[in-house]
Amino acid sequence: MPNQPAAGRFVKTVQGFMVPYQQPIPGSNVVIEMLPVPGGTVTIEPPPPFQHFDDFGKPVAKDQPAGTKQQASFGPFWIGKYEITMEQYLPYRQLYYRQKQDASQGINQANSPTDVDAVTGPTDVYDTRYNFEYAGAPDSPVTTVSQFAARQYTKYLTLLTGQTYRLPLRSEWQHACLAGSRTRYCYGDDVKRLGEFAVYLDNTSDDSLTLRVGTKKPNAWGLHDVHGNVAELVIEDTAVTGLRFGHVACGGNGDSDAEDCTADSVVRTTVEWWDDDPDFPRSSWWMTSEQSRMTGFRIIAPLAPMTDAQKHAYWDADSEQLAEDVQSRLEDGRGSLGRVRAWEPTTSRVDR
């Protein structure tokens, strides 16, 4: 068995010791800090029920089947120390212009968004003051991102770097959030201490608020902003088995009260998130509107390799309707599609 690292966080596996690493984004000066997390088993609550509205936007009560708690097991992985920031997301936002230029030259073209080495790019945001109201700094967490865009970002980053990335499952996110504990918050159950670890309603009264990552204490595994700041998009565990339960975000945000910032706090994305398409030319599905101005994401890198089927499940549109909508927008020029050149993988993340 290889020697244990002398200092810093590590996770022991049959393959060696997982250690923290920094992922450079080729073509930029930006890196993403990744921390190791051990595998585990957690019990998660069922996702919240779908909200139904009448023709006038008034909520309509409907009988919902009772959900059951779900036990989920998973292997070790690395997870972002922080939520993905504006400067880390910008290279993907700029993909639209590069792909359009490539298309005019007949290079790096792809036939479908589901091609294994193809990535879609969003058109530009026409009013950043509105859609990135709380994200005015390079180290601000990126906001108003749809789950589809977050999925495509992880696919883009994988193809660009050679290291596999994806969104976390909700069970993985909750496990990493609590750092192995079984309390409501990463530090325990005392709500009076939440302000030490979270940017949330009680400490965000300033109307000119600019969210930033890492301004509060980390949890026991070194992760910042697992409560509050921005709600984090995840993939429901049941979604990868072929069942569809909608898209959800965890942990609450800067506008949430303490009760909505627990480790098991979950909100659904709804159709109202796309009331106003913030992109120009209008493209939708990559960026959302007012309802999600405090919603972002963080990424994980699984230790176990992903199969081709898993890559499609984690990266691409997860419903036939969404896939058709994205394809339609691409055909209308309201988005871009192209291949991403893989770079040589960087140094090993496991000390052997």
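Predicted model, so just to flag it, every value in this text is computed and none were measured.

The rules behind the values
Residues numbered from 1 in each chain as written. Predicted model: local features only at pLDDT ≥ 70, side-chain atom pairs only at ≥ 80, totals over all residues. Heavy atoms only, no water. Pairing = 2+ DSSP bridges. Helix = DSSP H or I, 4+ residues; strand = E, 2+ residues; numbered from the N terminus. Axes fitted to C-alpha atoms, helices over the stretch in contact; angles between N-to-C directions. Buried < 20%, exposed > 50% of the residue type's maximum accessible area, 1.4 Å probe, protein only. Core = buried A, V, L, I, M, F, W, Y, C linked by side-chain atoms within 4.5 Å. Parallel < 35°, antiparallel > 145°, perpendicular 65-115°, else oblique. Contact = heavy atoms within 4.5 Å. Nonpolar A, V, L, I, M, F, W, Y, C, P; charged D, E, K, R; others polar. Polar contact = N/O pair within 3.5 Å; in protein donor to acceptor, adjacent residues only side chain to side chain. Expected span 1.5 Å × (residues − 1). Salt bridge = Lys/Arg side-chain N within 4 Å of Asp/Glu carboxyl O.

Visitor: What exactly am I supposed to notice about the sheet that holds strand β17 (residues 300–302) here?
Guide: Taken in spatial order, the four strands make up an open sheet running β3-β4-β9-β17, and their pairing is antiparallel. For this open sheet the edge positions go to β3 (21–24) and β17, each flanked by a neighbour on one side alone. In this sheet, adjacent strand axes meet at a mean angle of 30° when their direction is disregarded. Note that strand β9 (residues 77–80) and β17 share three bridges and pair antiparallel. Each residue of the ladder has a partner; that of Ile79, found in β17, is Ile300.

Visitor: Where do I start with unusual backbone geometry in this structure?
Guide: Unusually for a residue other than glycine, Thr144 sits at a positive phi of about 50°. If you trace the backbone, Thr144 turns up in the loop between α3 (128–131) and α4 (147–161). Phi angles above zero are rare outside glycine, and Asn229 is one such case at about 65°. Mapped onto the secondary structure, Asn229 falls in the loop between α6 (194–197) and β12 (231–234). The class for Asn229 is buried, based on a relative accessible area of 0%.

Visitor: Would you mind going over the nonpolar core with me for this structure?
Guide: The nonpolar side chains of a soluble globular protein tend to be buried, and buried together. Counting 40 residues, the largest nonpolar core has Tyr89, Tyr153 and Phe297 as its most contacted members. Of all the secondary structure elements, the ones that give two or more residues to this core are β4 (31–37), α1 (86–93), α4, β12 and α7 (308–315). Per-element tally for this core: the top contributor is α4, with seven residues.

Visitor: Sorry if this is basic, but what is going on with the packing of α4 against α7 here?
Guide: How two helices pack is summed up by the angle between their axes together with the distance between the axes. In contact at an axis separation of 8 Å, α4 and α7 are set at 135° when each is read in the N-to-C sense. Classified by the interaxial angle, the pair formed by α4 and α7 is oblique. Of the residues in α7, those in contact with Arg151, Gln152, Thr154, Lys155 and Thr158 of α4 are Ala313, Tyr314 and Trp315. Its residues assigned to classes, the contact of α4 with α7 comprises three nonpolar, three polar and two charged.

Visitor: Can you help me understand the sheet that holds strand β16 (residues 295–296) in this one?
Guide: Each strand in a sheet pairs with another by means of backbone hydrogen bonds, the pair being arranged parallel or else antiparallel. Read from one edge to the other, the open sheet built from four strands follows the order β14-β13-β12-β16, with strand pairing classed as mixed. Only two strands of the sheet have a single partner each, and these edge strands are β14 (266–268) and β16. With two bridges connecting them, β12 and β16 associate as parallel partners. Along β16, the bridge assignment pairs Ala231 with Thr295.

Visitor: Explain the packing of α1 against helix α2 (residues 95–105) here, please?
Guide: Direction vectors running N to C along α1 and α2 enclose 20°, while the axes themselves pass 5 Å from each other. Relative to α2, the element α1 lies roughly parallel. Here Pro91, Tyr92 and Arg93 of α1 come into contact with α2, specifically with Leu95, Tyr96 and Arg98. Tallied by class, residues from the contact of α1 with α2 come to four nonpolar, no polar and two charged.

Visitor: Can you help me understand the environment of Ser112 in this one?
Guide: Position of Ser112 among the secondary structure elements: in the loop between α2 and β10 (118–121). Those residues within four positions of Ser112 in sequence are excluded, and the remaining contacts are Ala118 and Leu337. Side-chain polar atoms of Ser112 contact the side chain of Thr114, separated by 2.9 Å.

Visitor: Would you mind showing me how to read the environment of Tyr156 here?
Guide: Structurally, Tyr156 can be placed in helix α4. A C-alpha to C-alpha distance of 8.2 Å links Tyr156 and Ala118, two positions 38 residues apart in sequence. Sequence-distant contacts of Tyr156, that is, excluding residues within four places in its chain, are made with Pro91, Tyr92, Leu95, Arg98, Val119 and Val340.

Visitor: Help me understand the side chain of Thr158 in this model?
Guide: With respect to the helices, strands and loops of the structure, Thr158 is situated in helix α4. The class of Thr158 is buried, set by a relative accessible area of 10%. Those residues in contact with Thr158 that sit more than four places away from it in its chain are Gln163, Thr164, Tyr165 and Trp315.

Visitor: What's the story with α4 in this structure? I'm lost.
Guide: Each α-helix winds once per 3.6 residues, and so residues spaced three or four apart point in a common direction. Compared with an ideal rise of 1.5 Å per residue, which puts 15 residues at 21 Å, α4 spans 21 Å between its outermost C-alpha atoms and is within 8% of the ideal. By the criterion of burial, α4 is predominantly enclosed, with 15 of the 15 residues buried.

Visitor: Sorry, what's going on with the pattern of salt bridges here?
Guide: A complete count under the given rule lists twelve salt bridges for this structure. Glu172 is the partner of Arg166 in a salt bridge, and the nearest nitrogen-oxygen pair spans 2.9 Å. For the pair Arg166 and Glu172, one class covers both residues: buried. In this structure, the salt-bridge partner of Arg170 is Glu236, at a minimum N-O distance of 2.8 Å. Here the residue Arg170 occupies a position in helix α5 (residues 170–178), and Glu236 occupies one in the loop between β12 and β13 (248–250), the gap between them amounting to 66 residues.

Taken by themselves, the reported measurements are silent on function.
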